[in-house]
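# Coordinate analysis (summary)
Chain residues, written in single-letter form:
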Protein chains: 2
Amino acid sequence: MGKLLIVGSVAFDAIETPFGKTGKILGGAGVFIGLAATQFRVDSAIVSVVGDDFPQSYLDLLTDREIDISGIEIVKGGKTFYWKGKYHNDLNSRDTLVTELNTLADFDPIVPENYKDADVVMLGNLHPNIQMGVINQMEERPRLIILDTMNFWMNNTWDELVQVIKHIDVITINDEEARQMTGEYSLVKAADKIQDMGPKYVVIKKGEHGALLFHKEHVFFAPALPLKEVFDPTGAGDTFAGGFAGYLAETKNISFESMKNAIIHGSNLASFCVEKFGTERMLNLQRHEVGKRLLQFKELTQFNIELT
Amino acid sequence: MGKLLIVGSVAFDAIETPFGKTGKILGGAGVFIGLAATQFRVDSAIVSVVGDDFPQSYLDLLTDREIDISGIEIVKGGKTFYWKGKYHNDLNSRDTLVTELNTLADFDPIVPENYKDADVVMLGNLHPNIQMGVINQMEERPRLIILDTMNFWMNNTWDELVQVIKHIDVITINDEEARQMTGEYSLVKAADKIQDMGPKYVVIKKGEHGALLFHKEHVFFAPALPLKEVFDPTGAGDTFAGGFAGYLAETKNISFESMKNAIIHGSNLASFCVEKFGTERMLNLQRHEVGKRLLQFKELTQFNIELT
């Protein structure tokens, strides 16, 4: 079995959408990535930090799904990272109402001994120095290092970000961030420039407009599945990343062809994530549902033009 | 050979983009549709109207490509429809600076005798009564009637639009217009509602984000080809429609599978249109270039996940 090391927040989210609102519920990039990866035959572990206000029942949800949580530090007297946000009517934009970093502010990740030889490392959206700290703890170069980041780190820790992405294979980033990062409006040109900075593969996430994978002169595109209802987009990007990483850790095949499949698996899983609040849909997702929707993805995108 | 009847403007365009500007050049939906359709084995005719200020050389460009222009009325002393627009830096939005309807204001389309049995009718974006007038002139029900429209007609001629779309098979419309037309944000729901109004097939154009084809429970998606440079988007939507209609007129196969291919052909041709000002690229487009780019479309979208 492939081994997947996940580094990312384990958190409380409070979400408001046009359809309703929640209190503090289970959230965080590490959790969404980890839950998505359970759809593949992989051993996975989450490295993160929480306060002792974090319910044991939430941790049990992870261990019940055979996710190794020995790398989740519980800080006594500490408080767990908390994010509260409100989505606008189109669900494409949101206002952040509360961000309390709490224990995440001093997060010093410790990679469990038996994950220092992980095949795939998925570095969730965190301070680039934390991401670099994890890479430095690996015993040998992982087969694949994937890094997610966002505009906040570009604005505030540009030099550190430039440093860490020299050491990774795949960067996932959204379209506006790719443009900001490179000053190029064309995503083709932006992806070229990012590849010059280190990552050999660039995944550009466009939300409801799908995702692009760039590698040298190759481009692959996966649409988001058109849905009747998008209930709550929270965690969709991380679920996408978790599906991408999970598939590659299972197959241990990091060819471009394999990454195409990984992008489709990621998009497929993300289409479930948005159907309920927070992690609810992913916690109850069955294998046969995943397979059925993959078939929809095939119907959505595959055609048969004979080229002569 | 399949017969394709095209109804749409033949016009002067003046275009300004961040890359340059033109004087009055050849434009109009009918022209872009017609040029795209020349990439297929079809007999096609354009029904339109111009003034006697319209250069013979422009008409010759059409007849040189074996497009039947006997249905283009030349009004003595009249002036040709003129549109002038300026694109913003992202090329996704534009300001219309001039719209002079001129002879198009009193356009009374006359379908040439030998096109009253056309296999496919492509009704470009015009007053719904003009579109209806063309349908009424057909000797027998065409195999396929495709209609393009826009928000202007929804706002100003809603009742007439509702009337004409009862008689068509395929409507092409952009995403915002589909939402406006139905009050549904979800494009899946919007397409359902539009199908209830008449058209059995709904094509939703999303510009740089591709196009969706809906029919009952089936959905197909074609991305726009990611390009290094988009030079001028003018005519891309009409070129897409022309490729779609041209392919279906050539094959005379209007199954959903065939329409998938038609959508890909339309997207493929549109990717050329935006590379130069106005019709320039389409006037010089070679068959082998089209085939080569279709291969890129395959690489962009086709994957190989085995489902068990």
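Residues numbered from 1 in each chain as written. Chains lettered and ligands numbered in written order. Predicted model: local features only at pLDDT ≥ 70, side-chain atom pairs only at ≥ 80, totals over all residues.

What follows deals with the overall build of chain A. Each helix and strand in chain A was counted, giving 11 helices and 15 strands. For 308 residues, the compact-globule estimate of 2.2 N^0.38 gives 19 Å, and chain A sits close to it at 18 Å. C-alpha atoms of chain A, sized along the principal axes, occupy 70 × 45 × 40 Å. Within chain A, the proportion of its 308 residues that are buried is 50%. Considering only contacts within chain A whose residues lie at least 6 apart along the sequence, 67% involve residues at least 24 apart. (Helix = DSSP H or I, 4+ residues; strand = E, 2+ residues; numbered from the N terminus. Rg over C-alpha atoms; globule rule 2.2 N^0.38 Å. Buried ≥ 20, exposed ≤ 12 C-beta atoms within 10 Å, placed from the backbone. Contact = placed C-beta atoms within 7 Å.)

This part takes up the relation of the copies chain B and chain A. Note on the copies: chain B fits chain A at an RMSD of 0.0 Å, the axial shift is 0.0 Å, and the rotation between them is 180°. Here the symmetry operator amounts to a two-fold rotation axis. Of the residues that chain B buries at the interface, 97% are likewise interface residues in chain A, meaning the two copies contact each other through the same surface. (Least-squares fit on C-alpha atoms with pLDDT ≥ 70 in both.)

Positive phi outside glycine occurs at A:Lys216, with the angle close to 50°. Here A:Lys216 falls in the exposed class, since 11 other C-beta atoms lie within 10 Å of it. We note that B:Asn102 has phi near 50°; this positive angle belongs to a residue other than glycine. Considering the arrangement of structural elements, one finds B:Asn102 in the loop between β9 (94-100) and β10 (120-123).

The next subject is the interface of chain B and chain A. In this complex, chain B contributes 29 residues to the contact, which on the side of chain A involves 29 residues. Elements represented by at least two residues in the side of chain B that touches chain A include exactly α7 (187-196), β15 (218-222), α9 (256-273) and α11 (287-301) of chain B. The dominant element in the side of chain B that touches chain A, judged by the number of residues it contributes, is α11(B), at 5 residues. Tallied by class, residues from the side of chain B that touches chain A come to 17 nonpolar, 7 polar and 5 charged. (Nonpolar A, V, L, I, M, F, W, Y, C, P; charged D, E, K, R; others polar.)

Attention shifts here to the packing of helix α8 (residues 236-251) of chain A against helix α9 (residues 256-273) of chain A. All names here are of chain A. Contact pair α8 / α9: the axes reach a minimum separation of 7 Å and the direction vectors enclose 140°. Of the possible angle classes, the one that applies to α8 and α9 is oblique. With respect to the hand of their crossing, α8 and α9 are arranged in right-handed fashion. Only Ser258, Asn261, Ala262, Ile263, His265, Gly266, Ser267, Asn268, Leu269, Ala270 and Cys273 of α9 make contact with α8, whose side of the interface consists of Ala236, Thr239, Phe240, Ala241, Gly243, Phe244, Tyr247, Leu248 and Thr251. Of the residues in the contact of α8 with α9, the class split is 11 nonpolar, 9 polar and no charged. (Axes fitted to C-alpha atoms, helices over the stretch in contact; angles between N-to-C directions. Parallel < 35°, antiparallel > 145°, perpendicular 65-115°, else oblique. Left-handed = near helix turned anticlockwise from the far one by under 90°.)

On to the nonpolar core. Counting 199 residues, the largest nonpolar core has A:Ile146, A:Ala245, B:Ile146 and B:Ala245 as its most contacted members. If we skip the residues at most four places from it in the chain, B:Ile146 touches B:Val120, B:Met122, B:Leu123, B:Ile168, B:Asp169, B:Val170, B:Thr172, B:Ala241 and B:Ala245. (Core = buried A, V, L, I, M, F, W, Y, C linked by C-beta atoms within 7 Å.)

So, on to the packing of helix α6 (residues 175-182) of chain B against α7(B). All names here are of chain B. Two elements in contact, α6 and α7, have axes whose closest approach is 9 Å; the angle formed by their N-to-C orientations is 60°. Regarding the angle of α6 to α7, the classification is oblique. The element α6 and its partner α7 pack so that their crossing is left-handed. Two secondary-structure elements touch here, α6 through Asp175, Ala178, Arg179, Met181 and Thr182 and α7 through Leu187, Ala190, Ala191, Lys193 and Ile194. Of the residues belonging to the contact of α6 with α7, the class tally is 6 nonpolar, 1 polar and 3 charged.

Before going further, it helps to spend a moment on the pairing of strand β13 (residues 201-205) of chain A. All names here are of chain A. Across the 5 residues of β13, 5 count as buried, placing the element largely inside the fold. Burial of the side chains of β13 extends over both faces: Tyr201, Val203 and Lys205 are buried on one face and Val202 and Ile204 on the other. With 5 bridges joining them, strand β12 (residues 170-174) and β13 adopt parallel strand pairing. Across the sheet, the residue bridging to Thr172 is Val203, located in β13. Bridging between β13 and strand β14 (residues 211-215) involves 4 bridges; their strand directions are antiparallel. Bridge assignment links Lys205 to a residue of β14, and that residue is Ala211. Counting the residues that bridge the hairpin from β13 to β14 gives 5 residues, and of these Gly207 lies at a positive phi of roughly 60°. (Pairing = 2+ DSSP bridges.)

What follows covers the pairing of β14(A). All names here are of chain A. Most of β14 sits inside the fold, with 4 of its 5 residues counted as buried. Pairing of β14 with strand β15 (residues 218-222), which is carried by 5 bridges, proceeds in the antiparallel orientation. Bridging from a neighbouring strand, Leu213 pairs with Phe220 of β15. Taken together, β14 and the strand that follows it, β15, pair antiparallel across an intervening segment of 2 residues, in which Lys216 is found at a positive phi of about 50°.

Now for the environment of B:Gln56. Residues and elements named next belong to chain B. Within the element layout of this structure, Gln56 appears in helix α2 (residues 56-64). The exposed category is assigned to Gln56, around which 10 C-beta atoms lie within 10 Å. Distance from Gln56 to Leu144, taken between C-alpha atoms, is 32 Å for residues 88 residues apart in sequence.

Our next topic: the confidence of the model for chain A. Scored by pLDDT, chain A has a mean of 96; 100% of the residues are at 70 or more. Interface confidence in the predicted complex, given as ipTM, is 0.92; pTM for the same model is 0.94. (pLDDT = per-residue confidence, 0-100.)

Here the focus is the environment of B:Ile171. All names here are of chain B. Summarising the element assignment, Ile171 is placed in strand β12 (residues 170-174). Accessibility expressed as a C-beta count within 10 Å gives 28 for Ile171, which makes it buried. Considering only alpha carbons, one finds Ile171 and Pro18, 153 residues apart in sequence, at a separation of 32 Å. Apart from residues no more than four positions distant in its own chain, Ile171 is found in contact with Leu147, Thr149, Ile165, Ile194, Pro199, Val202 and Val203.

Turning our eyes to something else, we now look at the environment of A:Ile194. Residue and element names in this part refer to chain A. Here Ile194 lies in helix α7 (residues 187-196). The exposure class assigned to Ile194 is buried, which follows from the 21 C-beta atoms found within 10 Å. Placed 23 residues apart in sequence, Ile194 and Ile171 show a C-alpha to C-alpha distance of 8.7 Å.

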